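What follows is each chain in one-letter form.
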Amino acid sequence: MRLFWDMVNHLNPHQVLPMDDERLKVWLLDRVQESSGLDGNQFTALHRYIQDRMPLIRQVVSGV
């Protein structure tokens, strides 16, 4: 999870914030999958985690 939040902290707000929640979720999952190679259970857990924390993710990216 630390790697995920580190990645979120370094995202470009101009690229990420215009995305709708579903597109952003898929985009984040793809980035993590590329760097970590999650198995099926980990991928499902991260999917739920991102979905549940989407407002916080957007807040962190926007720097508010």
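Residues numbered from 1 in each chain as written. Predicted model: local features only at pLDDT ≥ 70, side-chain atom pairs only at ≥ 80, totals over all residues. Heavy atoms only, no water.

Participant: Hey, could you go over the overall build of the protein chain for me, with residue numbers and the actual values?
Facilitator: If you tally the helices and strands in the protein chain, you get five helices and zero strands. Each helix and strand of the protein chain, placed in order from N terminus to C terminus, yields the pattern α-α-α-α-α. For 64 residues, the compact-globule formula gives about 11 Å, and the C-alpha radius of gyration of the protein chain, at 11 Å, lands near that figure. Along the first, second and third principal axes, the C-alpha set of the protein chain runs to 30 × 20 × 15 Å. Going through the 64 residues of the protein chain one by one, you find that 33% of them count as buried. Working note: accessible area of the protein chain is about 4,400 Å², and carbon and sulfur atoms make up 51% of it. Of the charged side chains in the protein chain, 7 are positive and 8 negative; the average position of the first set lies 3 Å away from that of the second. (Helix = DSSP H or I, 4+ residues; strand = E, 2+ residues; numbered from the N terminus. Rg over C-alpha atoms; globule rule 2.2 N^0.38 Å. Buried < 20%, exposed > 50% of the residue type's maximum accessible area, 1.4 Å probe, protein only. Areas by Shrake-Rupley, 256 points an atom, 1.4 Å probe, with all protein chains shown as cover. Lys, Arg positive; Asp, Glu negative; His and termini not counted. Charge placed at Lys NZ, Arg CZ, Asp CG, Glu CD.)

Participant: Break down the nonpolar core for me, citing the residues and quoting the values.
Facilitator: Within the largest apolar cluster, 19 residues are counted, with the highest numbers of intra-cluster contacts made by F4, L28, L46, I50 and I57. Here this core gets five residues from one element, more than from any other, and that element is helix α3 (residues 21-36). For I57, the residues in contact, after removing those within four places along its chain, are F4, W5, V8, L28 and I50. (Core = buried A, V, L, I, M, F, W, Y, C linked by side-chain atoms within 4.5 Å. Contact = heavy atoms within 4.5 Å.)

In short, the description is geometric, and any link to function would need to be established separately.
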